[in-house]
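So you can see what is in the structure, the chains are spelled out below.
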Amino acid sequence: MTVQDVHLDALDGRMLALLAEEPRIGVLELSRRLAVARGTVQARLDKLIARGAIRGFGPDVSPAAIGYGVMSFVTLEISQRYGHTAVTEHLAEIPEVLEAHTITGSGDLLCRIVARSNADLQRVIDNVLAYEGIMRASTIIALAEQVPYRTTPLVRAASGI
């Protein structure tokens, strides 16, 4: 099943919205609030997990709250002979690299990186660039978060709720 084949109905949407608003809610309470059987909620959750719509139930950790107050976005240009796999394996070993995406345009990868300070950011970038398959990095420091990462409005739009 491709991502384009996945559709959310209103029940899926309401369930995902509730889980996003109250991540610690249990299946029984979900079923009570949605006014459907507990088995229905469990079956829907299992299907959403299997499809990859729900990626986890862990805590949403704020890097700033644990000492990583500087966030930056780094565009990397990589040597094509090394390829994306080897570079992303290197990036995955660096704890401050929160995510990396293959992109179009002048760069090859876009990374979200955190650091404890601007000086620490230099250390992290140096660590990123230590891999010879990375030819160049262009860094943009985020000053303030205006719209936090969110999916609930998208869920509501996709499910029609």
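Residues numbered from 1 in each chain as written. Predicted model: local features only at pLDDT ≥ 70, side-chain atom pairs only at ≥ 80, totals over all residues. Heavy atoms only, no water.

By the element assignment, Met-15 lies in helix H1 (residues 10-21). Leave out the neighbours within four places in its chain, and Met-15 touches Leu-30, Leu-34, Val-41, Arg-44, Leu-45 and Leu-48. (Helix = DSSP H or I, 4+ residues; strand = E, 2+ residues; numbered from the N terminus. Contact = heavy atoms within 4.5 Å.)

Before going further, it helps to spend a moment on helix H5 (residues 118-129). In this model H5 runs 16 Å from its N-terminal to its C-terminal C-alpha over twelve residues, within 8% of the 16 Å that 1.5 Å per residue would give. Among the residues of H5, those classed as buried are Asp-120, Leu-121, Val-124, Ile-125 and Val-128. All buried residues of H5 lie within an arc of 145° about the axis, which places them on one face of the element. Elements that come into contact with the buried residues of H5 comprise strand S1 (70-78), helix H4 (83-92), strand S2 (97-102), strand S3 (109-115) and strand S4 (134-142). (Expected span 1.5 Å × (residues − 1). Buried < 20%, exposed > 50% of the residue type's maximum accessible area, 1.4 Å probe, protein only. Arc of directions from axis to C-beta.)

Running from amino to carboxyl end, H1 crosses helix H3 (residues 38-51) at an angle of 85°, the nearest separation of the two axes being 11 Å. Looking at the two axes, H1 sits roughly perpendicular to H3. Across the interface between the two elements, Leu-11, Asp-12, Met-15, Leu-16 and Leu-19 from H1 touch Thr-40, Val-41, Arg-44, Leu-45, Leu-48 and Arg-51 from H3. Here the residues of the contact of H1 with H3 are counted per class, giving seven nonpolar, one polar and three charged. (Axes fitted to C-alpha atoms, helices over the stretch in contact; angles between N-to-C directions. Parallel < 35°, antiparallel > 145°, perpendicular 65-115°, else oblique. Nonpolar A, V, L, I, M, F, W, Y, C, P; charged D, E, K, R; others polar.)

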